[in-house]
Amino acid sequence: MFSIDKIIRENIRTLTPYSSARDEFMGTADIYLDANENSIGSALNQYNRYPDPLQRQLKEVIGKLKKVSAENIFLGNGSDECIDLLYRCFCEPGRDNVIICPPTYGMYEVSANINSTAVKKVPLTTSFDLDEKAVFKSIDAYTKIIWICSPNNPTGNDVNLTAIENIARMFEGLVVIDEAYIDFSPRKSCTDWLNKYDNVVVLQTFSKAWGLAGLRLGMAFAATDIIQTLNKVKPPYNINEATQQLVLKALKKHKATLQVIDELVAQRNYLELQLTGIKAVEKVNPSDANFLLIKCAKSNELYRYLLGQGIVVRDRSTTLNCENCLRITVGTAEENRKLLKAIRTFYNR
Ligand SMILES: *Cc1c(COP(=O)(O)O)cnc(C)c1O
């Protein structure tokens, strides 16, 4: 059975967290002289007050949208902050390890290295799906986190949900499901499992479907004891006031975002069809995200040719099992037409 006490780092379990002025007084008052803010104001006529350290208003709205209660939500300065905090809360440097399934998002390994945590690699199968048996085999007594990215970056496909659930059911550490691209996928979010599995952490972000990468807001959904642990360790004011206000504004226009998602998915399907029709493109990996991983002839030359045409894609050819692969983010209709034209010109030279 999963228990947070078995996996939390001892220094974090016993930590007395920083208590900010806004933690100690949460009511409303006429005069605030408790936080050494600038009482006169700023040149911008706003933002002179510290933001809500627990982002209560934002979590209420996000909770309604995601059908998750606010106490099961943690907000990070991008999901990258959530990734780092999970290491700092649960992985004892120099002792513990995590499992990742490459090719996958690079931050799981970089964050592990920063936090002196060993990484066990269990490659995805040739169809870029989870190798469930191999994941089980590589678990040991010091394995704290299994990172699963679905839809996976850089391959684009969703991985087998049943396999993820089997792992969540059996593993006594955390199973983190990174759903950065879930809004482009037809499947349901694993937030549905929060009532069933105490060890599941679901990551989502405002950087992709919501189009707000510049604001830096990531979400972690999990059991309350995990959320409380993350809150203890995070910097007191990790989400700035401008971000909180602007994301609230975007949430009010949720329908506009749904339209953008439909358009991006339509563009992705169009790009996939067109790319599949180009002979030198050997493979277009099925995508549930807003990008396509293609395997193609002379991928490195194509990459540099596109750069010369002012088009930058991501060269993934040095990543495990991604030889000759480029990762292409879906653009606007016009950008996609220009991209296709440039690729066709390159191969017809
Ligand atoms: C882009 C991306 C993120 C980063 O999200 P931020 O919220 O911008 O930090 C996380 N995970 C995956 C798989 C991504 O591709």
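Further remarks concern the nonpolar core. Counting 42 residues, the largest nonpolar core has Ile 62, Leu 130 and Phe 206 as the members making the most contacts within it. Contributions of two or more residues to this core are made by helix H4 (56-66), strand S1 (73-76), strand S4 (143-149), helix H8 (161-170), strand S5 (174-178), strand S6 (200-205), strand S7 (218-221) and helix H10 (241-252). Sequence-distant contacts of Leu 130, that is, excluding residues within four places in its chain, are made with Cys 101, Leu 124, Thr 125, Ile 148, Val 159, Asn 160, Ala 163, Ile 164 and Ile 167. Counting residues in each nonpolar core, the second largest holds 31 residues, with Ile 8, Tyr 87, Cys 89 and Val 201 among its members.

It is worth spelling out the environment of Glu 335 at this point. Mapping Glu 335 onto the fold places it in helix H13 (residues 333-347). On a C-alpha basis, the gap between Glu 335 and Glu 24 in space is 51 Å, while along the polypeptide they are 311 residues apart. A polar contact of 2.9 Å, which involves the side chain of Glu 335, links it to the backbone nitrogen of Thr 332.

As a further point, take unusual backbone geometry. Along the chain, Pro 102 connects to Pro 103 via a cis peptide bond; the corresponding omega equals 0°. As for its position among the elements, Pro 103 is in the loop between strand S2 (97-100) and helix H6 (107-114). Cis peptide bonds are those with omega within 30 degrees of zero, and the linkage from Ser 150 to Pro 151 qualifies with -5°. Its location among the elements puts Pro 151 in the loop between S4 and H8. For Asn 45, which is not glycine, the phi dihedral falls at a positive 60°. As for its position among the elements, Asn 45 is in the loop between helix H3 (21-24) and H4.

Attention shifts here to the pairing of S6. Most of S6 is tucked away, with six of its six residues classed as buried. What you see with S6 is no split at all: Val 200, Val 202 and Gln 204 on one side and Val 201, Leu 203 and Thr 205 on the other are buried throughout. Where S5 and S6 come together, four bridges link them in parallel fashion. Following the sheet pairing, Ile 177 is matched in S6 by Val 202.

Now for the pattern of salt bridges. Taken as a whole and assessed by the stated rule, the structure comprises 17 salt bridges. Between Glu 10 and Arg 13 there is a salt bridge whose closest N-O contact spans 2.8 Å. With a gap of three residues between them, Glu 10 and Arg 13 both fall in helix H2 (residues 10-13), about one helical turn apart. Judged by its relative accessible area of 48%, Glu 10 is partly exposed.

Let's shift gears to the sheet that holds S6. As summarised here, the arrangement of the seven strands in space is S1-S7-S6-S5-S4-S2-S3, forming an open sheet in which the pairing is mixed. Either end of the sheet is taken by a strand with one partner, and the two such strands are S1 and strand S3 (118-121). For this sheet, the mean angle separating the axes of adjacent strands, direction not counted, is 25°. The sheet contact formed by S2 and S3 spans four bridges and is parallel. Bridge pairing in S3 places Val 98 opposite Val 119. Together, S1, S2, S4, S5, S6 and S7 form the strand contacts of helix H5 (residues 79-90), whose direction differs from that of S4 by roughly 160°. Contacts between H6 and the sheet are confined to S2, S3, S4 and S5, with S3 contributing the most and set at about 150° to the helix.

With that out of the way, let us pick up the packing of aromatic side chains. Tallied over the entire structure, the rule returns nine aromatic pairs. Where Tyr 108 meets Trp 147, the ring centres are 4.9 Å apart and the plane angle is 10°; that geometry is what we call stacked. Residue Tyr 108 is located in helix H6, and its partner Trp 147 is located in strand S4; the two are separated by 39 residues in the primary sequence. Taking the relative accessible area as the measure of exposure, Tyr 108 reaches 0% and is therefore buried. For the pair Trp 193 and Tyr 197, a centre-to-centre distance of 6.1 Å together with 85° between the ring planes defines the contact as edge-to-face. Tyr 197 shares its class with Trp 193; the two are buried.

To continue, consider the packing of H5 against helix H9 (residues 224-233). Taken N-terminus to C-terminus, the directions of H5 and H9 make an angle of 95°; their axes are 10 Å apart at the nearest point. In terms of axis orientation, H5 runs roughly perpendicular to H9. Packed against H5, whose contacting residues are Leu 85, Leu 86, Arg 88, Cys 89 and Phe 90, the element H9 presents Ile 226, Thr 229, Leu 230 and Val 233 at the interface. For the contact of H5 with H9, the per-class residue count stands at seven nonpolar, one polar and one charged.

Quick look at H9 now. Turning to H9, its buried residues number three or more, namely Ile 226, Ile 227, Thr 229, Leu 230 and Val 233. Projected down its long axis, H9 carries its buried residues within an arc of 160°, all on one side.

Here the focus is the sheet that holds strand S8 (residues 281-284). With respect to topology, four strands assemble into an open sheet ordered S8-S9-S11-S10, the strand pairing being antiparallel. Edge positions in the sheet fall to S8 and strand S10 (314-315), since each has one partner strand and no second. As paired strands, S8 and strand S9 (residues 291-296) are joined by three bridges and run antiparallel to one another. For Val 284, the partnering residue across the bridge sits in S9 and is Ile 294.

About the cut-offs
Residues numbered from 1 in each chain as written. Predicted model: local features only at pLDDT ≥ 70, side-chain atom pairs only at ≥ 80, totals over all residues. Heavy atoms only, no water. Core = buried A, V, L, I, M, F, W, Y, C linked by side-chain atoms within 4.5 Å. Buried < 20%, exposed > 50% of the residue type's maximum accessible area, 1.4 Å probe, protein only. Helix = DSSP H or I, 4+ residues; strand = E, 2+ residues; numbered from the N terminus. Contact = heavy atoms within 4.5 Å. Polar contact = N/O pair within 3.5 Å; in protein donor to acceptor, adjacent residues only side chain to side chain. Pairing = 2+ DSSP bridges. Salt bridge = Lys/Arg side-chain N within 4 Å of Asp/Glu carboxyl O. Axes fitted to C-alpha atoms, helices over the stretch in contact; angles between N-to-C directions. Phe/Tyr/Trp six-rings, centres within 6.5 Å; stacked < 30°, edge-to-face > 60°. Parallel < 35°, antiparallel > 145°, perpendicular 65-115°, else oblique. Nonpolar A, V, L, I, M, F, W, Y, C, P; charged D, E, K, R; others polar. Arc of directions from axis to C-beta.

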